[in-house]
Amino acid sequence: KQEVTQIPAALSVPEGENLVLNCSFTDSAIYNLQWFRQDPGKGLTSLLLIQSSQREQTSGRLNASLDKSSGRSTLYIAASQPGDSATYLCAVTIGGRGGGADGLTFGKGTHLIIQP
Amino acid sequence: NAGVMQNPRHLVRRRGQEARLRCSPVKGHSHVYWYRQLPEEGLKFMVYLQKENIIDESGMPKERFSAEFPKEGPSILRIQQVVRGDSAAYFCASSPIATVNTEAFFGQGTRLTVV
């Protein structure tokens, strides 16, 4: 059974710092890994999707890496801003019966606070 | 270009009542997924539907829960005789096709509180 773990559970850093969020998964047989952002009381916004054949993806100040063989991914946030405060979720796609997004397995998230 | 719309955003029900949660997918998307987020837990898959068909309900509790996605109108997640343990955020996602590398778009969720 696939399990996704995110460390740390919570993180508070001053504005401007670079930071790394960690995600690990127990079964390396994944199709892809996604990082989402969840704002309080709101839905999920997809940030980056890394396919299993890729090693990293970049979008603006965000960089996500994937080491499938070791079951690890990191999300690197450069020059953090107060607007980055949110919960960051990691999810792997293991392939559901339907073959679509029914196969997402989520971690519990890292609650990030950027202090102004 | 509206995204996935869920309503209501917040729902309070007394134990034993029925809860109906609605999800309108992104226009043109025919694949809908329901996920549940219990307090302090990650999102867990419940059910995957296409128009008028349930494709995968492996994450749905066997009793009291049902889902539909009719030909016309939104997808409905129905919880009968709610209990306190049903209190959670219920998220709906949609996608245009069903492949593992297709991004799914999530709605803002319905937060159900059972009192």
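First, a word on scope: everything that follows refers to the structure included in this document. Bear in mind the structure is a predicted one, so any value in this text is a computation, not a measurement. (Residues numbered from 1 in each chain as written. Chains lettered and ligands numbered in written order. Predicted model: local features only at pLDDT ≥ 70, side-chain atom pairs only at ≥ 80, totals over all residues. Heavy atoms only, no water.)

### Looking at the interface of chain A and chain B
Part 1: At the interface, 27 residues of chain A touch 24 residues of chain B.
Part 2: Each partner contributes to the roughly 2000 Å² buried at the junction of chain A and chain B, and carbon and sulfur atoms together form 54% of this total.
Part 3: The salt bridge involving Glu41(B) is made with Lys108(A); its shortest N-O contact spans 3.9 Å.
Part 4: At the boundary of chain A and chain B, one finds two residue pairs in polar contact (both at pLDDT 80 or more).
Part 5: Going through the elements one at a time, strand E4 (32–38), strand E5 (44–51), strand E9 (86–93) and strand E10 (104–106) of chain A are the ones with two or more residues in the side of chain A that touches chain B. (Contact = heavy atoms within 4.5 Å. Buried area = accessible area lost by both parts, 1.4 Å probe. Salt bridge = Lys/Arg side-chain N within 4 Å of Asp/Glu carboxyl O. Polar contact = N/O pair within 3.5 Å; in protein donor to acceptor, adjacent residues only side chain to side chain. Helix = DSSP H or I, 4+ residues; strand = E, 2+ residues; numbered from the N terminus.)

### Things to note about the state of the cysteines
One covalent bond between the sulfur atoms of two cysteine residues makes up a disulfide.
Part 1: Under the defined criterion, the tally for this structure stands at two disulfides over all chains.
Part 2: Across the disulfide from Cys23(A) sits Cys90(A); the S-S distance is 2.0 Å. Around the S-S axis, the bridge from Cys23(A) to Cys90(A) shows a dihedral of about -65° and counts as left-handed. Taken together, the positions of Cys23(A) in strand E3 (residues 19–25) and Cys90(A) in strand E9 put the pair 67 residues apart, joining distant regions of the chain. Both residues of the pair, Cys23(A) and Cys90(A), count as buried.
Part 3: Paired by a disulfide, Cys23(B) and Cys92(B) hold their sulfur atoms 1.8 Å apart. (Disulfide = S-S within 2.5 Å. Buried < 20%, exposed > 50% of the residue type's maximum accessible area, 1.4 Å probe, protein only.)

### Here we look at the environment of Ser59(A)
All names here are of chain A.
Part 1: Turning to its location among the elements, Ser59 is positioned in strand E6 (residues 56–59).
Part 2: Residue classification places Ser59 among the partly exposed positions, given a relative accessible area of 37%.
Part 3: Taking C-alpha positions, Ser59 is 23 Å from Thr105, a pair spaced 46 residues apart along the chain.
Part 4: Sequence-distant contacts of Ser59, defined by excluding residues within four places in its chain, comprise Leu47 and Leu48.

### Observations concerning the pattern of salt bridges
Residue and element names in this part refer to chain B.
Part 1: Within the structure shown, the criterion is met by six salt bridges over all chains.
Part 2: The closest approach of N and O atoms between Arg78 and Glu18, which form a salt bridge, is 2.8 Å. In this pair, Arg78 sits in strand E8 (residues 75–79) while Glu18 sits in the loop between strand E2 (10–13) and strand E3 (19–24), placing the two residues 60 residues apart along the sequence.
Part 3: Among the residues examined, Glu18 registers a relative accessible area of 31% and is labelled partly exposed.
Part 4: When salt bridges that share partners are traced, they join Glu18, Arg20 and Arg78 into one network.

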